[in-house]
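Tertiary structure, described
Here's the letter readout for the chains.
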Amino acid sequence: MKFDLKAVKYEGANSKNPFAFKFYDKDEVINGKKMSEHMKFAMSYWHTIDQEGTDVFGGPTMDKKFGKTDPLEIFKAKADFAFELMDALGMEYYCFHDVDIAPEGKTLKESLAYFYEMVDYIYDLQKKHNKKLLWATANNFSDKKFMVGAATSANADVFATAAAKVKACIDACIKLGGTGYVFWGGREGYDTLLNTDMGLELDNLGRFLTMARDYARKQGFTGDFYIEPKPKEPTKHQYDFDVATCVGFLKKYGLADDFKMNIEANHATLAMHTFQHELRTATINGAFGSIDANQGDCMLGWDTDQFPTNVYDTTLCMYEVIKAGGFTNGGLNFDAKTRRASNTFDDILFGYIAGMDSFALGYKLADRIIKDGRIDEFVKNRYASYTQGVGKDIVEGRATLESLATYAETLGEIKVESGRQEYLESIINELMFKGV
Ligand code: XUL
Ligand code: CO
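Residues numbered from 1 in each chain as written. Chains lettered and ligands numbered in written order. Predicted model: local features only at pLDDT ≥ 70, side-chain atom pairs only at ≥ 80, totals over all residues. Heavy atoms only, no water.

1. Side note on a nonpolar patch on the surface
What counts here: In this scheme, patches are assembled from residues that exceed 30% relative accessible area and form no salt bridge. Like charges are connected within 9 Å, while nonpolar side chains (Val, Leu, Ile, Met, Phe, Trp, Tyr) are connected within 5 Å. Surface accessibility follows the Shrake-Rupley procedure with a 1.4 Å probe radius. Residue values consider only the protein chains on display as shielding. For this analysis, a salt bridge means a side-chain nitrogen from Lys or Arg found within 4 Å of a carboxyl oxygen belonging to Asp or Glu. In DSSP terms, a helix is any run of H or I states spanning at least four residues, a strand is any run of E spanning at least two, and both are numbered starting from the N terminus. When accessible area is computed with a 1.4 Å probe and restricted to protein chains, residues below 20% of their type maximum are described as buried, those above 50% as exposed, and intermediate ones as partly exposed.
Taken together, the side chains of Val 379, Tyr 383, Tyr 386, Ile 394 and Val 395 present a nonpolar region at the surface, about 460 Å² in accessible area. If you trace the backbone, Val 379 turns up in helix 13 (residues 374-382). Relative accessible area serves as the criterion here: at 42%, Val 379 is assigned to the partly exposed category.

2. Quick notes on the domain arrangement of the protein chain
The cut-off we apply is this: Those domain boundaries reflect an automatic or database domain assignment. Values labelled buried area give the accessible surface lost by two parts on being combined, using a 1.4 Å probe and summing over both.
According to the domain assignment, the protein chain consists of domain 1 (27-370) and domain 2 (375-432). Taking only C-alpha atoms into account, the centre of domain 1 sits 39 Å from that of domain 2. Summed over both sides, the interface between domain 1 and domain 2 buries roughly 730 Å², with carbon and sulfur atoms accounting for 62% of that surface. Applying the counting rule to domain 1 against domain 2 returns one salt bridge.

3. Side note on the site of ligand 1
Counted only if it meets this: Nearness here has a simple test: a residue counts as near a molecule or strand if at least one of its heavy atoms is within 4 Å of that partner. Any pair of N or O atoms that falls within 3.5 Å is considered a polar contact. Within protein, one atom must be able to donate a hydrogen and the other to accept it, and sequence-neighbouring residues count only if both atoms are side-chain atoms. Residues are sorted three ways: Asp, Glu, Lys and Arg are charged, Ala, Val, Leu, Ile, Met, Phe, Trp, Tyr, Cys and Pro are nonpolar, and all the rest, Gly among them, are polar.
Around ligand 1 lies a shell formed by Trp 46, His 97, Trp 184, Glu 228, Lys 230, Glu 264, His 267, Asp 292, Asp 303 and Asp 335. The separation between an oxygen atom of ligand 1 and a polar side-chain atom of Asp 303 is 2.9 Å. In this structure, an oxygen atom belonging to ligand 1 sits 2.7 Å away from a side-chain N or O atom of Asp 335. Contact with the protein chains hides 93% of the accessible area of ligand 1, taken as 290 Å² for the molecule alone. Class assignment for the residues of the shell around ligand 1 results in two nonpolar, two polar and six charged.

4. Quick look at the packing of aromatic side chains
Basically, it comes down to this: Side-chain rings of Phe, Tyr and Trp, where Trp is taken by its six-membered ring, are said to pair if the distance between their centres is within 6.5 Å; with planes under 30 degrees apart they count as stacked, over 60 as edge-to-face, and otherwise as tilted.
Evaluation of the coordinates by the stated rule reveals 27 aromatic pairs. Plain terms: the ring middles of Phe 83 and Tyr 94 are 5.2 Å apart, the flat faces sit at 70° to each other, and that makes the pair edge-to-face. One end of the pair, Phe 83, is in helix 3 (residues 71-89); the other, Tyr 94, is in strand 6 (residues 93-97), and 11 residues separate them in sequence. The class for Phe 83 is buried, based on a relative accessible area of 0%. Judged by relative accessible area, which is 0%, Tyr 94 ranks as buried. On the basis of an interplanar angle of 35° and a centroid distance of 6.2 Å, the ring pair of Phe 307 and Phe 334 is categorised as tilted.

Listed below in structure tokens is the structure:
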């Protein structure tokens, strides 16, 4: 199908055209690279192409079947729309779950046949539109067989079925040249220990990820595997609670060399962390990989997956991304959906425009903060005592508890310097809003 969507262009901050970028100019070169290369924006297939506004209280408010009734025809029309939409937004990457791109059959075999047919269809579209797959994943949480988990299900046949779906999805990812493969825990967690063997479930999750890694590497996959941490929802206790929990898990099961993190802003805040905290935790553990760009609502306790418009957050996010050396295999996937009442295709464009502009602003402001240097300088000076004397001995491994005890007894009153939080926050405001 052809949709003839109008291209969204960069018109600058003075434009009042709702269908134009105000801050994101994909061809603008900063620090030797185009903005599109710094950002690596991706479209989430599930929210953009599939979800129709259903929530727990009501049905769809949109129709994304494009007038088709035959299941395969519906998904082909969806794919045509997806690639035209990416063209219109000047977006190079996309991400999908297996069930996002193809209808499900009555049996696993039938579902996989549909899936492979759609992978071939998308392969051609991808070539024609010059797009790239950022990552793929298997939806091992929606169907009722996954009601108590996939790799952590109490039922081994469910474990096996989940493995079959991941195998197919890895094959698709390799065929489409994807540079990442995501595992979001879905229902990998539990609601009560009264019915749960937590030790076995976690060991099985370790076994599952090991099998997936070994299979994909054997098939020649050279990209990154990602775990996407989330603390709760759908289960009360998700095993992949936050970045720190996942890093510990990966180390325990010998997976840390192959797996990194796909960090979602709304999942970070559900874990009572800032987005920036999760990014930094990943980086200092060598696990910074990719980002699911969205935002939550701090007054709601669930994952609202809103398009990111909070520029403080996008700025501090991009500050962390730049400090981590930028994206390699990862990128910024908009795991975001328009509100249920924003139920037109124009709203989808407005959502992406708002999100992409907010991240472009974030990049530029983060760059400004780094080039200004005052924040970095402050942090460096704050730890200056570790660059000489006893601090240097601590850092370089020469100090012992005894040597420190002897040293500490020689000290008079210790003066600890101010942390200057308010001053530092005002620098961020100054850099963000100067010229207002
Ligand atoms: C769920 C979520 C997923 C993952 C991929 O909260 O974020 O869409 O990104 O399964
Ligand atoms: Co996500």
